[in-house]
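# Topology and contacts: notes
Given next are the chains, with one letter for each unit.
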Amino acid sequence: MNTATIIGRAGQDAEIKYYESGKVKTTFSLAVNRFDSKTKTEVPDWFNIEVWDKQAEFAGEYVKKGRQVAVDGRISISKWTDQTGEERERFLIVANQIRLLGSKRDAEEQL
């Protein structure tokens, strides 16, 4: 089973892209705090989020930098060849549900 649920704060405003096929994709990063037992502090883990179709339009309009967001989805690997011909890959979460948490005022205070 491949499922992921994370809660964190958006690292930037969501970027929305419309394709000729009618598909819509939105991307953003999410910082999720994790307690580091060595330093006794919280450190952020950064996740790249990809959202499609109706949820993408929602995320594109409402996910702003600093906003607390819950993401449910699956872990995926994106593979490509860079300009130098080197094979690259990165992990991302393909979301099937986005929920805004906290108040709008909370998001504004994070800026």
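For the structure, see preceding data.
The rules behind each value
- Residues numbered from 1 in each chain as written.
- Predicted model: local features only at pLDDT ≥ 70, side-chain atom pairs only at ≥ 80, totals over all residues.
- Heavy atoms only, no water.
- Helix = DSSP H or I, 4+ residues; strand = E, 2+ residues; numbered from the N terminus.
- Contact = heavy atoms within 4.5 Å.
- Areas by Shrake-Rupley, 256 points an atom, 1.4 Å probe, with all protein chains shown as cover.
- Lys, Arg positive; Asp, Glu negative; His and termini not counted.
- Charge placed at Lys NZ, Arg CZ, Asp CG, Glu CD.
- Core = buried A, V, L, I, M, F, W, Y, C linked by side-chain atoms within 4.5 Å.
- Buried < 20%, exposed > 50% of the residue type's maximum accessible area, 1.4 Å probe, protein only.
- Patch = residues over 30% accessible without salt bridge, like charges linked within 9 Å, V, L, I, M, F, W, Y side chains within 5 Å.
- Salt bridge = Lys/Arg side-chain N within 4 Å of Asp/Glu carboxyl O.
- Pairing = 2+ DSSP bridges.

This paragraph deals with the overall build of the protein chain. Along its length, the protein chain carries 2 helices and 6 strands. For the protein chain, the N- to C-terminal ordering of α and β elements is β-β-β-β-α-β-β-α. Each principal axis of the C-alpha distribution contributes one length, and for the protein chain these read about 40 × 35 × 30 Å. Long-range pairs, those at least 24 residues apart, make up 58% of the contacts in the protein chain with a sequence separation of at least 6. Accessible surface computed for the protein chain: about 7700 Å², of which carbon and sulfur atoms make up 48%. Separation of charge centres in the protein chain, based on 18 positive and 18 negative side chains, amounts to 3 Å.

Let's shift gears to the nonpolar core. Burial of nonpolar side chains together is a common tendency in soluble globular proteins. Counting 18 residues, the largest nonpolar core has Phe 28, Ile 49, Val 51, Val 63, Val 71 and Ile 98 as the members making the most contacts within it. When residues of this core are traced back to their parent elements, those giving at least two are strand 1 (4-10), strand 3 (24-36), strand 4 (41-52), helix 1 (53-62), strand 5 (68-81) and strand 6 (87-101). Among the elements that make up this core, the one with the highest residue count is strand 3 (4 residues). Here Val 63 is in contact with Ala 10, Asp 13, Ala 14, Phe 28, Val 69, Ile 98 and Leu 100, once residues within four sequence places are set aside.

What follows covers a nonpolar patch on the surface. Taken together, the side chains of Ile 75, Ile 77 and Phe 91 make up a nonpolar region of the molecular surface, amounting to roughly 290 Å² of accessible area. Inspection of the secondary structure assignment puts Phe 91 in strand 6.

What follows covers the pairing of strand 1. Sheet topology places strand 1 next to strand 5; 6 bridges connect them, and they run antiparallel. Residue Ala 4 lies in a different strand from strand 5, and its bridge partner there is Gly 73. Of the strand pairs in this sheet, strand 1 and strand 3 are connected by 2 bridges, and their pairing is antiparallel. Of the residues in strand 3, the one forming a bridge with Arg 9 is Ala 31.

This part is about the environment of Glu 50. With respect to the helices and strands, the residue Glu 50 is situated in strand 4. Sequence separation between Glu 50 and Ile 16 is 34 residues; the distance between their C-alpha atoms is 9.9 Å. When neighbours within four sequence positions are excluded, Glu 50 is seen to be in contact with Lys 25, Thr 26, Thr 27, Leu 92, Ile 93, Val 94 and Ala 95.

Attention shifts here to the pairing of strand 3. Pairing analysis gives 4 bridges linking strand 2 (residues 15-18) to strand 3, with the strands arranged antiparallel. Bridge assignment links Lys 17 to a residue of strand 3, and that residue is Lys 25. Where strand 2 hands over to strand 3, the hairpin turn is made up of 5 residues, of which Gly 22 adopts a positive phi near 100°. In terms of strand pairing, strand 3 meets strand 4 through 12 bridges, oriented antiparallel. Across the sheet, residue Lys 25 finds its bridge partner in strand 4, namely Trp 52. The turn linking strand 3 back onto strand 4 is made up of 4 residues, and Lys 40 within it adopts a positive phi angle of 60°.

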